[in-house]
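Listed here are the chains, written in short residue letters.
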Amino acid sequence: MSIAADTAAHAGFAVAPPLAMLAELTHRCPLRCPYCSNPLELERASVELSTADWMRIFSEAAALGVLQVHFSGGEPMARRDLVELVAHAAKVGLYTNLITSGVLLDRARMTELAAAGLDHVQLSFQDADAASADRIAGFDKAHAKKLAAAAIVREAGLPLTMNAVMHKQNLARLPEIVELAVALGASRLEVAHAQYYGWALPNRSALLPTYAMLERATAIVDAARDRLKGVLAIDYVVPDYYARRPKACMGGWGRQFINVSPAGKVLPCHAAETLPMDFPSALKSSLAEIWYRSDAFARFRGTDWMPDPCRSCDRREVDWGGCRCQAFAFTGDAARTDPACALAPDRPLLDAARDDADSPVTDFLYRQIGAAP
Ligand code: SF4
Ligand code: FES
């Protein structure tokens, strides 16, 4: 039996193939967003996978059953071979999505990417106000370049999703962000409150909104969804810090998603490198071997690893115990119940962290190689 057809049982259930792959082509990026989900120790250009390695990985992903590949980073457009990589992924039958800041996108590159078979573009915006957006991105004129990039994507006839990471320094302009998405011709807007791992964690005092801010944002999203039905779909990701139950992070560990880092580390989520675990390399094993047989993917898959209260909870196959990276960030132990759950013994740690919402701090620790605290 081929490894791809292997339905090896972990924790008492047959493992289904992953649906989507996040291909983090590079950690290089001209922007320096203080909530970047990349690890604090950024991988340098010298360790990045080659074009041939990525092509093999996309072929393996398609054979494994992956349906979509998200080209991400850092800034994936910093890779000179992006067009070649998109063409190969499309050739092996993957739906291709480019997740980009847009600042390196021009008409010529867009034409090449569209001809290579790119299916969709997701463009990030930091704010609706240019000066604030450029300050958050840590990059002069970023906002103007993004506006131009959005027009180029739409001219090329590709569907556009606008992604806006929200926090207390831009939430006041959420209505303008919704209007901007409509004006730019986006078909979807992701209003995603910052999640506090990666660079957002050391920036939490400058980012975490108050509950009142969150409530206002939720009301704005609800009203916009009604008003813009059929024009703009809005996805809404709320911050765990005000939740009573955690999100099913990544749809559960090793259940739906597979991430590959710039150097070829294969991870169950984009923040897994924060955990004190060894992750396998796509240079040494096939994606199928890693998905079905590696200790790293089996470690928190299913429910057998769960402590109480998750073990006996009727939501254990709904949220899969929440987020392992958040559990580790709070407790130093990735196997604890996510403190975003009100039933978690460590919930007081999250309750105390909400004090950051009242912090007067506005300065950011910008994402940058060597800037990790
Ligand atoms: Fe989810 Fe565990 Fe909380 Fe139950 S106890 S809701 S499974 S995190
Ligand atoms: Fe890693 Fe949630 S971000 S499990």
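Values in this document were obtained by computation on a predicted structure and should not be read as measured data.

*Asks:* So what about the layout of surface pockets? Which residues, and what values?
*Replies:* Empty space within the largest pocket amounts to approximately 1,600 Å³. Taken together, 48 residues make up the lining of the largest pocket; nearest its centre are S37, I99, Q122, N163 and E190. Only β3 (20-24), β4 (68-72), β5 (95-100), β6 (120-125), β7 (160-166), β8 (188-193), β9 (233-237) and β10 (257-260) provide two or more residues apiece to the lining of the largest pocket. Looking at which element gives the most residues to the lining of the largest pocket, the answer is β6, with five residues. Empty space within the second largest pocket amounts to approximately 200 Å³. Forming the walls of the second largest pocket are 13 residues, and the residues nearest its centre are P39, L40, G198, L201 and T274.

*Asks:* How would you sum up unusual backbone geometry? Please name residues and give values.
*Replies:* In this structure, G74 follows G73 across a cis peptide bond, with omega equal to 10°. Of note, G74 is situated in the loop between β4 and α2 (82-91). The linkage connecting D308 with the following residue, P309, adopts the cis geometry, with an omega of 10°. Position of P309 relative to the elements: it lies in the loop between α10 (295-299) and α11 (324-331).

*Asks:* Can you explain the pattern of salt bridges? Please cite residues and give values.
*Replies:* Counting across every chain of the model gives 18 salt bridges. Here D226 and K229 are joined by a salt bridge, their closest N and O atoms 3.9 Å apart. Several salt bridges share partner residues, and in doing so they unite R28, E48, R79 and D81 into one network.

*Asks:* Pulling in residues and values, what's your account of the state of the cysteines?
*Replies:* For the structure shown, the criterion picks out zero disulfides. The thiol of C36 is unpaired, and the distance to the nearest cysteine sulfur, on C33, comes to 6.9 Å.

*Asks:* How would you explain the packing of helix α1 (residues 51-64) against α2 if you had to name every residue and give the values?
*Replies:* In contact at an axis separation of 9 Å, α1 and α2 are set at 20° when each is read in the N-to-C sense. With respect to their mutual orientation, α1 and α2 come out roughly parallel. Considering how the two elements wind past one another, α1 and α2 form a crossing that is right-handed. Between α1, through T51, W54, M55, F58 and S59, and α2, the contact on the second element is made entirely by E84, L85, H88 and A89.

*Asks:* Would you mind going over the sheet that holds β10 in detail, with residue names and values included?
*Replies:* Here nine strands make up an open sheet; going across it, the order is β9-β8-β7-β6-β5-β4-β3-β10-β11 and the pairing mixed. Bordering the open sheet on either side are β9 and β11 (266-267), each of which pairs with just one other strand. Here five bridges tie β8 to β9, and the two strands are oriented parallel to one another. Across the sheet, the residue bridging to R188 is A233, located in β9.

*Asks:* Please provide a residue-by-residue account of the packing of aromatic side chains, values included.
*Replies:* Within a pair of aromatic rings, the relevant descriptors are the distance that separates the centres and the angle that separates the planes. As enumerated under the stated definition, the model contains nine aromatic pairs in all. Where W54 meets F58, the ring centres are 5.7 Å apart and the plane angle is 25°; that geometry is what we call stacked. One end of the pair is W54 and the other is F58, both in helix α1 and four residues apart, which spans about a single turn. Note on accessibility: W54 and F58 belong to one class, buried. The structure contains a cluster of three or more aromatic residues connected by ring pairs, namely W54, F58 and F71. The lysine or arginine in question, R32, covers the ring of Y366, its NZ or CZ lying 4.5 Å from the ring centre. Over the ring of F300 we find R324; its NZ or CZ atom is 5.9 Å from the centre of that ring.

What counts, and at which threshold
Residues numbered from 1 in each chain as written. Chains lettered and ligands numbered in written order. Predicted model: local features only at pLDDT ≥ 70, side-chain atom pairs only at ≥ 80, totals over all residues. Heavy atoms only, no water. 1 Å grid on protein atoms, 1.4 Å probe; cavity = no way out; pocket = protein on both sides within 12 Å on 5 of 7 lines; lining within 4 Å. Points joined across faces, edges and corners; volume = space filled by probe spheres on them. Helix = DSSP H or I, 4+ residues; strand = E, 2+ residues; numbered from the N terminus. Salt bridge = Lys/Arg side-chain N within 4 Å of Asp/Glu carboxyl O. Disulfide = S-S within 2.5 Å. Axes fitted to C-alpha atoms, helices over the stretch in contact; angles between N-to-C directions. Parallel < 35°, antiparallel > 145°, perpendicular 65-115°, else oblique. Left-handed = near helix turned anticlockwise from the far one by under 90°. Contact = heavy atoms within 4.5 Å. Pairing = 2+ DSSP bridges. Phe/Tyr/Trp six-rings, centres within 6.5 Å; stacked < 30°, edge-to-face > 60°. Buried < 20%, exposed > 50% of the residue type's maximum accessible area, 1.4 Å probe, protein only. Lys NZ or Arg CZ within 6 Å of the ring centre and 35° of its normal.

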